Amino acid sequence: QVQVSESGGGLVQPGGSLRLSCEVSGSIFRIYDMDWYRQAPGNEREFVAGITVQGRMRYAESIEGRYTISRDDANKTSYLQMNALKPEDTAVYFCSVHIAPWGGDQRYFWGQGTQVTVSS
């Protein structure tokens, strides 16, 4: 069974930083793209950042220059370093990982999300 789990959210003041982690566990043959999304109250879920298995990164315009995505394949983990946070960054952040499980079809697996609140 494959699991995706986010951690690292919390309450931070404007201008502050947080680092989110996305850990993958279970019976896994291969991990492909690792992406981050977020959803603010009343809004649709939106793409934030992604990193391919080759290490190519892409970012949403709204966070480019402030967020950095990375991955540690040995530990099956993705990170999202968030700097210069703004109140409008407040949302639940989700990790979405393209995984090929052992004995199963490859697809995207989602975590339960971690709350990020930016407020003074």
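See the structure above.
Draft legend 1. The nonpolar core, seen in detail. Residues Val24, Trp36, Leu80, Met82, Tyr93, Val97 and Ile99 are the most contacted members of the largest nonpolar core, which totals 30 residues. Looking at this core, the elements with two or more residues in it are strand 3 (18–25), strand 4 (28–39), strand 5 (46–51), strand 7 (67–72), strand 8 (77–82), strand 9 (91–101) and strand 11 (114–118). Residue contributions to this core peak at 5 residues, all from strand 9. In this structure Leu80 touches Leu18, Arg19, Leu20, Trp36, Val48, Ala49, Tyr67, Thr68, Ile69 and Tyr93, once residues within four positions along its chain are discounted.

Draft legend 2. Highlighting the side chain of Thr52. Looking at the element boundaries, Thr52 is found in the loop between strand 5 and strand 6 (57–59). Note on Thr52: relative accessible area 15%, which makes it buried. Sequence-distant contacts of Thr52, that is, excluding residues within four places in its chain, are made with Asp33 and Arg71.

Draft legend 3. Structural context of the environment of Gly26. Summarising the element assignment, Gly26 is placed in the loop between strand 3 and strand 4. A residue is classified by how much of its surface remains accessible, and Gly26, at 46% relative accessible area, is partly exposed. Residues Gly26 and Gln3 lie 23 residues apart in sequence; the distance between their C-alpha atoms is 6.2 Å. When neighbours within four sequence positions are excluded, Gly26 is seen to be in contact with Gln1 and Val2.

Draft legend 4. Structural view of the state of the cysteines. The full count for this structure, using the stated rule, is 1 disulfide. Through a disulfide, Cys22 is tied to Cys95; the S-S separation comes to 1.9 Å. Taking the sign of the S-S torsion, about -80° here, the bridge from Cys22 to Cys95 comes out left-handed. Here Cys22, found in strand 3, pairs with Cys95, found in strand 9; they are 73 residues apart in sequence, far enough to count as distant. According to the relative accessible area criterion, Cys22 is buried, its value standing at 0%. With relative accessibility at 0%, the residue Cys95 sits in the buried group.

Procedures and definitions
- Residues numbered from 1 in each chain as written.
- Predicted model: local features only at pLDDT ≥ 70, side-chain atom pairs only at ≥ 80, totals over all residues.
- Heavy atoms only, no water.
- Core = buried A, V, L, I, M, F, W, Y, C linked by side-chain atoms within 4.5 Å.
- Buried < 20%, exposed > 50% of the residue type's maximum accessible area, 1.4 Å probe, protein only.
- Helix = DSSP H or I, 4+ residues; strand = E, 2+ residues; numbered from the N terminus.
- Contact = heavy atoms within 4.5 Å.
- Disulfide = S-S within 2.5 Å.

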